[in-house]
Each structure stands twice: as C-alpha cells, then as structure tokens.
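Fold and contact review
The primary structure of each chain is shown beneath.
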Amino acid sequence: MRTLTVVSVLAVSLAACQPADEAQAPADAPDAAQDAASAAADASNPADTVEAQVREGLWQTVMTADGNTVTSRACMSAATNPVPTSGQASAGDCEQSMARTGDGWTFSSRCALPTGGETRTEGTMTGDLQTAYRVEATTTTSGAPIAALNRTSEITTEATYQGACPEGWRPGDVEVAGMRMNLGDMQRQAEEMAGR
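Notes on the structure in this doc start here. (Residues numbered from 1 in each chain as written. Predicted model: local features only at pLDDT ≥ 70, side-chain atom pairs only at ≥ 80, totals over all residues. Heavy atoms only, no water.)

**Here's the deal with the state of the cysteines**
In plain terms, the rule: Count a disulfide wherever a pair of cysteine sulfur atoms falls within 2.5 Å. Strands are runs of DSSP state E lasting at least 2 residues, helices are runs of H or I lasting at least 4, and numbering of each runs from the N terminus. The classification of residues rests on relative accessible area computed with a 1.4 Å probe and restricted to protein chains. Under 20% of the type maximum is buried, over 50% is exposed, and intermediate values are partly exposed.
Per the counting criterion, the structure on display carries two disulfides. The disulfide that involves C94 links it to C111, with 2.2 Å between the sulfurs. In this structure the cystine formed by C94 and C111 twists about its S-S bond by roughly 120 degrees; its chirality is therefore right-handed. Residue C94 is found in strand β4 (residues 94-101), and its partner C111 is found in strand β5 (residues 104-112); the two are separated by 17 residues along the sequence. For C94, a relative accessible area of 8% puts it in the buried group. Judged by its relative accessible area of 1%, C111 falls in the buried class.

See below:
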C-alpha cells in the first residue's frame, strides 16, 4: 500500500503545505486540492505506518472553510487513497504526524513556506472509511511576508461513498464545479516542473 503523508482532495483541509504565493481564499478550494495532492510523499519510516484504507470507488465531499462550501467528487483506488497513513514523516519543508485514536485519527503538520513563515495544521478524522468519514482541521499561517496570508482557518470535510466510479473515470479523477482533473497527472506534472 502506498503511504501518503497528507490527506488529498477528499480531505482538502490539509492543504497547509502549499507555497505562500499560491495560497488562496477558501472560495478557491480547487487550487488548494491541487496543492494538497502535490504535497503527497512516501513516509520516511515504514515502521510507523498507521493502517487505514478508504473504500475504492466514487466519494463525494462537502468542504466548508470559513463559511464557504465546495462540493467535489473523486474516484478513489488503493493508489489514490486519501487517508494519511504515516505515523511520522518529513517531506520537503514539512513535518507531519498522525496517530490512531479510539474512534479515528489525529494529525498535525508544520510546513515552512518558501517565502518565509510557516503553516501549522491540527485536526481529527473519524468515520468507518467504507461509507463515510469526517475531517475537522485548524490551519494557521504565521510569519508570511504578505499580511493577508497570516490567518487561521477552520475547515470541515464530510465525505460519503457513492458507489462505483462512473464509466470513463480514472483513479485520481476529481470533479469540482463541473471541471474534472486527475490528481496523479497533476502530481507528475508538478514533479517534472520541479526537476527542471
């Protein structure tokens, strides 16, 4: 099973590691989803892996951030599993951790911003991961050179299983506001651009 250290689009509330110059207002949540997906990385210590797997198929999410709501659908597979399964990990300028609780998980991250400052995220994830789950997170950016980026956001994501992915959809496909994109394709493109 691939080990991810962030929650991707189904729990877009963990888009804390996005660069400061790409930070958007909550109404621009699709951009945050792209940034969260590109922040996924392999865990540095497989022994700390927290076993969890979201059911494969189509999931619908409703994310509310600072009073704005975005609904999306995503085709999930084992390779695109959104559950952060790393106990402790570092990816680039991010330190992330996750722990199992009695009814779910707690998670936290601290990510340095390339232009200065940092973003911290803390939250919980509950649910059976087969029919539904819920993510609640608080993200705080501080020390950024652009004052408007220094703020705290409360983000809630509700995800529900919808059945099999529609015909023509690939694992990693996400639809937001009628526009479909593939997170795997976007991550590969970001990695290619970073390697140039």
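**Things to note about the side chain of T141**
What counts here: Pairs of N or O atoms within 3.5 Å make up the polar contacts considered here, provided that, within protein, one atom can donate a hydrogen while the other can accept it, and that residues adjacent in sequence are counted only when both atoms are side-chain atoms. Between two residues, a contact is recorded if the distance between any of their heavy atoms is within 4.5 Å.
Along the polypeptide, T141 turns up in strand β7 (residues 132-142). In this structure the side chain of T141 is engaged in a polar contact, spanning 3.0 Å, whose partner is the side chain of T119. With residues near it in sequence (within four places) discarded, T141 still touches L113, E118, T119, L149, N150 and R151.

**Looking at the pattern of salt bridges**
Applied cut-off: In the sections that follow, a salt bridge refers to a side-chain nitrogen of Lys or Arg positioned within 4 Å of a carboxyl oxygen of Asp or Glu.
According to the stated counting rule, one finds 10 salt bridges in the structure shown. Close ionic contact of D173 with R180 constitutes a salt bridge, the shortest N to O distance being 3.2 Å. For R188, the salt bridge is made with D185, and the minimal N-O distance between the two is 2.4 Å. Residue R188 and its partner D185 are located together in helix α2 (residues 183-195), separated by three residues, close to a single helical turn. For R188, a relative accessible area of 44% corresponds to the partly exposed category.

Geometric values such as these leave the question of function open.
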